[in-house]
Amino acid sequence: MEDLRMAAAGSPGTGGGTESDGTESGSAGSRSAGSRSAEEQMLRDALGDDLVGELRVLSREPFGSGALTGFEEAPRTQQDAPVRYWYVDTSRKQVESETGFVLGDPERPEARIWLHPADPRLPALAPASFPDAAATLMGRLGISIDRRPELLVYRPGKRAMFRMRAGERETYLKIVRPDASASIVQLQESLRAGGVPVPLITGWSELGIVLTETAAGVALTSRLHEFDPERLLDSIESLREHMGGVDTGRDARASLADRSDWYLTRSAAAVDRALELEGAVIADRSRDAGGDARPGRRAPSGIAALTGPLRAVTDMIESTDASALVVDPDVRRTVHGDLHVGQLFVAEDDASVISGVIDIDTCGLGDPADDEAAFIGHLVASLVLARADEERSAGFRRLLDAAVGRWLAADRPGRVRVAHRTAVHVLAHALAPIERGDLEMATAELAIAVELLEGVHCD
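All values derive from a computational prediction rather than experimental measurement.

Definitions and cut-offs
Residues numbered from 1 in each chain as written. Predicted model: local features only at pLDDT ≥ 70, side-chain atom pairs only at ≥ 80, totals over all residues. Heavy atoms only, no water. Helix = DSSP H or I, 4+ residues; strand = E, 2+ residues; numbered from the N terminus. Buried < 20%, exposed > 50% of the residue type's maximum accessible area, 1.4 Å probe, protein only. Contact = heavy atoms within 4.5 Å. Areas by Shrake-Rupley, 256 points an atom, 1.4 Å probe, with all protein chains shown as cover. Salt bridge = Lys/Arg side-chain N within 4 Å of Asp/Glu carboxyl O. Pairing = 2+ DSSP bridges. Axes fitted to C-alpha atoms, helices over the stretch in contact; angles between N-to-C directions. Parallel < 35°, antiparallel > 145°, perpendicular 65-115°, else oblique. Left-handed = near helix turned anticlockwise from the far one by under 90°. Nonpolar A, V, L, I, M, F, W, Y, C, P; charged D, E, K, R; others polar.

A. Molecular detail of the overall build of the protein. Secondary structure assignment for the protein yields 11 helices and 16 strands. Per-residue burial for the protein yields a buried fraction of 55% across its 459 residues. Taking the intrachain contacts of the protein between residues at least 6 apart in sequence as the baseline, contacts between residues at least 24 apart amount to 67%. Surface exposure of the protein reaches about 18800 Å², of which carbon and sulfur atoms provide 50%.

Below is the structure:
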């Protein structure tokens, strides 16, 4: 659902815009056709014998009339080809130029499939991903670099962010759709003029390139053990007030709640596929005199544990009174559109004071409840991903509890709307782990949501 945040250029890696513990599980390399998603089967059919590794779902989000799904193809042995990253787009949206496979009518294809970094909607992504081409690209913008580009964020079809370095200097190169670069520059300049501490833009191109300086301060996620949760939330509220006072002349990114049916349907289908796989493995075991599943056939663990929290979160989303979700026009104001801890920077000498905010492409007129829900939902996912690191997980938990205490307080107007949107966000975060077979992670995220939200949705 969220951005993929990475460690190296050309490698989308794991994650979903949240902290990652590096765990990889639930490969789809040898699953039966019945337990595969439609997108995975399309990819397998298109690649045929060229598929040489195990497939694992990286990300999935609604897009157009379909979805945009990312897969990692990991080598089976160290002697095999390097890891490859494939994307399957079933949106039926047109692109200016195809960069991979097209299935069906070229005007409205059933699917298009491309190999990262050949994203057809981000033509500047490929040259920015390779050292020599990136050096040439940056040189044309008046910037020299002496190290490999570092891919920090990749949201397929929408945007990517690279760190470019020369000596001690860091510059950030944002790759967007070519028709979006001018509006992003205008938006960022409007926010700066309104007192919102966004990074300074130092160059841009209609090819879909925006060059910025680093944000002021240090990343909030690097100071998780230092901040005071209430003071930090006060500072975040101040940031939101400044943002709310800026007329951007545009709407924010559509609320995730608008696609709640999509997430409900996909999560249910993913669980059904996991159950089919579990049944296939049990059948294999019954035919094996040794009592073990045949090589390559592994049942997903934790279906029973997942079912309860998933059903509870689904009920929260489906049973909320529609009248409680209506947004009064007077409530709408300029919001970030994708607010979470990874977007925030704090002062070097005070981890409770916001000094910068990034990734404002989603900013515009919207419902403040969406920012609050995104923030809480992301903290839930970050907490689970950081569970092996006690200090980091404790920092996420302190901020999560404070945010819930503030934005879901019993006497706070609109709290049912925040709770409903939070449930959708957590379900969206849990979808990729369910699809790749990491049911323990998905269960943990959904269980925290139940703990936090139970009782709020029916007020």
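There's more to say after this.
B. View of the pattern of salt bridges. Under the definition given, this model contains 39 salt bridges. With its nearest N and O atoms 2.8 Å apart, the salt bridge here joins Arg84 to Glu73. Note that Arg84 is positioned in strand 4 (residues 84-89) and Glu73 in strand 3 (residues 66-75), a separation of 11 residues in sequence. Since its relative accessible area comes to 2%, Glu73 is described here as buried. Note that Arg332 and Asp251 form a salt bridge whose closest N and O atoms lie 3.6 Å from each other. Placement of the pair is Arg332 in the loop between helix 7 (303-319) and strand 13 (333-335) and Asp251 in the loop between helix 5 (229-244) and helix 6 (260-287), with a sequence separation of 81 residues. By relative accessible area, which is 52% here, Asp251 ends up exposed. Within this structure, Arg159, Lys174, Arg253, Asp338, Asp359 and Asp361 form a network of salt bridges that share partners.

C. Highlighting the sheet that holds strand 15 (residues 350-357). Here three strands make up an open sheet; going across it, the order is 12-14-15 and the pairing antiparallel. Each edge of the open sheet carries a strand with a single partner, namely strand 12 (218-219) and strand 15. Across four bridges, the pairing between strand 14 (residues 344-347) and strand 15 is antiparallel. Within strand 15, the position partnered with Val346 by the bridge is Ile354. Sheet strands in contact with helix 5 are strand 14 and strand 15, and its direction is about 20° off that of strand 15.

D. Examining the pairing of strand 15 more closely. Along strand 15, six of the eight residues are buried, which leaves the element largely enclosed by surrounding structure. Hairpin connection, strand 14 to strand 15: the antiparallel pair is bridged by two residues.

E. Local environment of the environment of Phe227. Counting through the fold element by element, Phe227 comes out in the loop between strand 12 and helix 5. When near neighbours in sequence (up to four residues on either side) are disregarded, Phe227 contacts Leu220, Leu232, Ala351, Ser352, Gly395, Arg398 and Leu399.

F. Representation of the packing of helix 5 against helix 9 (residues 390-407) in the model. Taken N-terminus to C-terminus, the directions of helix 5 and helix 9 make an angle of 60°; their axes are 9 Å apart at the nearest point. As far as their axial angle goes, helix 9 and helix 5 are oblique. The two elements helix 5 and helix 9 meet at a crossing, and its hand is right-handed. Counting all contacts with helix 5, which are made through Pro229, Glu230, Leu232, Leu233, Asp234, Glu237 and Arg240, the residues of helix 9 involved are Arg398, Leu399, Ala402, Ala403, Arg406 and Trp407. Looking at the contact of helix 5 with helix 9, its residues break down into seven nonpolar, no polar and six charged.

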